[in-house]
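# Structure assessment
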Amino acid sequence: MPDTALNSWESRAEAHTFYGFTDLPTIHDRGTVVLTHGEGPYVVDTHGRRYLDANSGLWNMVAGFDHPGLAEAAKAQYDRFPGYHAFFGRMSDQTVMLSERLVEVSPFTDGRVFYTNSGSEANDTLVKMLWFLARAEGKPERCKILTRKNAYHGVTAVSASMTGKPYNEVFGLPLPGFLHLSCPHYWREGRPGESEAEFTARMASELEEVIAREGADTIAAFFAEPIMGAGGVIPPSAGYFQAIAPILKRHGIPLISDEVICGFGRTGQVWGCETYDFMPDAIISSKALTAGYFPMGAVILGPDLSDRLHAAAEAVEEFPHGFTASGHPVGCAIALKAIDVILNEGLLENVRALTPRFEAGMARLAEHPNIGEWRGKGLMGALEAVADKDTKTPFASDLSVSERIANTCTDHGLICRPLGQSIVLCPPFIMTQAQMDEMFDKLGAALNAVFKGLAA
Ligand SMILES: *Cc1c(COP(=O)(O)O)cnc(C)c1O
């Protein structure tokens, strides 16, 4: 039961904070979890209860909640130069260094970086860049944006239009010109008797058809997460990117990799496009970029888009876009340190070392008769609940199965995320084997309890 005393943290939270992406009946029922601090992968609430956060905050706190090096990098930069912008030909030295570093660790031979405060703004920024480029190159009709159903690209008016989720209907979104192709989820979307290779071929011919119908010269770009995150951790079907990349290339349509979740090691490689073996024209980065210690997003332009955009900006003297805190020196100092911590202080290695244990734990839970499939890559995964495993029939949505599982976990000190009918796990890169075992033990117990309750 929530603590409803008038001056409780729970009541105070509800009184004056407007909640986003929060199921309000659940809050009324259970109360808000108000947190005070974290220890490694754990967070602690105002009652002193500890939770293993198997979601790394919101995919981003990959170095845990008390990493000394990251906090020190922030403090040192606050002492040295606590804030600046990147307008009018001025920017901090940290910003210069981070751009060099991002191009260096990117899959590109060369390029340029533009900074934002979030992943949504980074997607929004790149769409504006592409619209700017289209006009500068005399093709103003080249403005449509292709994404996929179930894709998550953010919440600004443009990035929410890119997001392929029905909940954006409440805003009257998507805006015109944002087209959503099929979700390449073979287990759910494959037709009876269709092989995975045939499914992938069908996804590719759909893309060909959309390009033919709309006209290649009306399409500004195709944006894709290498593995869909907030759509429910959906890896592409086998060969998906190898099938669609050549089609896009042939039609001169840039392929943009939204690496906001995959970026910096989540899938076991620095970038998801490396894991799925394709070369994008630009990368969108955020979340793990600062290990969640500062709000920051980045558009990393590969050489071709970088050169063309630079030329377009020179032609009109400036690219009229930017945020007050773009390239913030403290954010850049933290990002430089975070990249170092992930790549050189063992975090990426730990992701790789833990992945077999993660896969084994997921596979074990997927043996449950009410888990239809487990899916994922590296240290991100989802378990899909089903009422009937053979027919893949979901539970009635009013049973709120995944919410029940997640709430049961929370009651036992584990935070995981319900997403549709699935439970999502994306543990921090610092997790130990013992903590991973704790995560699977608690989740397994919750699954058993909830499914048993439903059967009764
Ligand atoms: C979280 C996310 C975004 C949006 O980032 P915000 O910082 O929340 O605006 C965009 N793309 C992907 C793939 C994401 O996971």
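Just above, that's the structure.
Reading the values: the criteria
- Residues numbered from 1 in each chain as written.
- Predicted model: local features only at pLDDT ≥ 70, side-chain atom pairs only at ≥ 80, totals over all residues.
- Heavy atoms only, no water.
- Core = buried A, V, L, I, M, F, W, Y, C linked by side-chain atoms within 4.5 Å.
- Buried < 20%, exposed > 50% of the residue type's maximum accessible area, 1.4 Å probe, protein only.
- Helix = DSSP H or I, 4+ residues; strand = E, 2+ residues; numbered from the N terminus.
- Domains from an automatic or database assignment.
- Contact = heavy atoms within 4.5 Å.
- Polar contact = N/O pair within 3.5 Å; in protein donor to acceptor, adjacent residues only side chain to side chain.
- Near = heavy atom within 4 Å.
- Areas by Shrake-Rupley, 256 points an atom, 1.4 Å probe, with all protein chains shown as cover.
- Nonpolar A, V, L, I, M, F, W, Y, C, P; charged D, E, K, R; others polar.
- Disulfide = S-S within 2.5 Å.
- Phe/Tyr/Trp six-rings, centres within 6.5 Å; stacked < 30°, edge-to-face > 60°.
- Lys NZ or Arg CZ within 6 Å of the ring centre and 35° of its normal.
- Axes fitted to C-alpha atoms, helices over the stretch in contact; angles between N-to-C directions.
- Left-handed = near helix turned anticlockwise from the far one by under 90°.
- Patch = residues over 30% accessible without salt bridge, like charges linked within 9 Å, V, L, I, M, F, W, Y side chains within 5 Å.
- Salt bridge = Lys/Arg side-chain N within 4 Å of Asp/Glu carboxyl O.
- Pairing = 2+ DSSP bridges.

Residues Leu102, Phe222, Phe264, Ile405, Met439 and Leu443 are the most contacted members of the largest nonpolar core, which totals 96 residues. In terms of residue count, helix H13 (residues 329-344) provides more of this core than any other element does, nine residues in total. Each of two domains, domain 1 (33-66 + 346-455) and domain 2 (70-344), supplies a minimum of three residues to this core. If we ignore the near neighbours within four places in the chain, the residues touching Phe264 are Leu102, Val105, Val270, Trp271, Ser285, Ala288, Leu289, Ile339, Ile342 and Phe429. Grouped together as the second largest cluster of nonpolar side chains are 25 residues, Leu130, Ile145, Ile256 and Ala313 included.

It is worth spelling out the side chain of Thr147 at this point. The residue Thr147 is located in strand S5 (residues 144-148) in this model. Take Thr147: its relative accessible area is 1%, and that puts it in the buried class. For Thr147, the side chain forms a polar contact with the main-chain oxygen of Met162, separated by 2.7 Å. What Thr147 contacts, discounting residues up to four positions off in sequence, is His153, Met162, Leu179, His180, Leu181 and Phe223.

Quick look at the site of the ligand now. Near the ligand the following residues occur: Ser118, Gly119, Ser120, Asn123, Tyr152, His153, Gly154, Glu225, Asp258, Val260, Ile261 and Lys287. Interatomic distance of 2.8 Å between a side-chain N/O atom of Asp258 and a nitrogen atom of the ligand. Isolated, the ligand exposes 380 Å² of accessible area, and the fraction of that covered by the protein chains is 84%. Ranked by the residues each element gives to the shell around the ligand, the list is headed by helix H6 (residues 119-136), at three residues. By residue class, the composition of the shell around the ligand is three nonpolar, six polar and three charged.

Once that is clear, we can look at the state of the cysteines. Within this structure, the stated rule accounts for zero disulfides. This cysteine, Cys409, is not joined by any disulfide, and Cys416 carries the nearest cysteine sulfur, 3.7 Å off. The class for Cys409 is buried, based on a relative accessible area of 0%.

With that settled, the discussion passes to the packing of aromatic side chains. Within the structure shown, the criterion is met by twelve aromatic pairs. Taken together, a centroid distance of 4.0 Å and an interplanar angle of 10° make the contact between Phe241 and Phe278 stacked. With Phe241 in helix H10 (residues 240-250) and Phe278 in the loop between helix H11 (272-275) and strand S9 (282-285), the pair connects residues that are 37 residues apart, well separated along the chain. When its relative accessible area of 1% is taken as the criterion, Phe241 is described as buried. Measuring from centroid to centroid gives 5.9 Å for Phe358 and Phe440, while their planes differ by 45°, and the two rings are tilted. Of this pair, Phe358 sits in helix H14 (residues 347-365) while Phe440 is found in helix H16 (residues 433-455), placing the two residues 82 residues apart along the sequence. Both residues of the pair, Phe358 and Phe440, belong to the buried class. Each residue in the set Phe114, Phe132 and Phe319 is aromatic and connected to the rest through ring pairs, giving one cluster. Residue placement shows Arg50 over the ring face of Tyr42; its charged tip is 4.1 Å from the ring centre.

The N-to-C vectors of H6 and helix H12 (residues 303-316) enclose an angle of 65°; their axes lie 10 Å apart at closest approach. When you trace H6 past H12, the crossing you get is left-handed. Of H12, the residues touching H6 (which contributes Met129, Leu130, Phe132, Leu133 and Ala136) are Leu305, Arg308, Leu309, Ala312, Ala313 and Val316. In terms of residue class, the contact of H6 with H12 is built from ten nonpolar, no polar and one charged.

This brings us to a nonpolar patch on the surface. Side chains of Phe21, Val155 and Tyr167 sit close together on the surface and give an oily, nonpolar patch of about 320 Å² of accessible area. Of note, Tyr167 is situated in the loop between helix H7 (157-162) and strand S6 (178-181).

A word on the pairing of strand S2 (residues 42-45). Of the two faces of S2, the one lined by Tyr42 and Val44 and the one lined by Val43 and Asp45 are each fully buried. Relative to S2, strand S1 (residues 35-39) runs antiparallel, the two sharing four bridges. Within the sheet, the bridge partner assigned to His37 lies in S2 and is Val44. The antiparallel pairing of S1 with S2 creates a hairpin that spans two residues between the two strands, and Gly40 there sits at a positive phi of about 55°. Taken together, the three bridges between S2 and strand S3 (residues 50-53) define a ladder with antiparallel strand orientation.

Here strand S15 (residues 422-425) shows a buried face lined by Ser422 and Val424 and a second buried face lined by Ile423 and Leu425. Bridging between strand S12 (residues 380-385) and S15 involves four bridges; their strand directions are antiparallel. Residue pairing for S15: Gly381 is matched across the bridge by Leu425. Where strand S14 (residues 417-419) lies against S15, three bridges are found, and the strand directions are antiparallel. Residue pairing across strands places Pro418 opposite Ile423, the latter belonging to S15. Linking two consecutive strands that pair antiparallel, namely S14 and S15, is a turn of two residues; a positive phi of about 60° is found at Gly420 within it.

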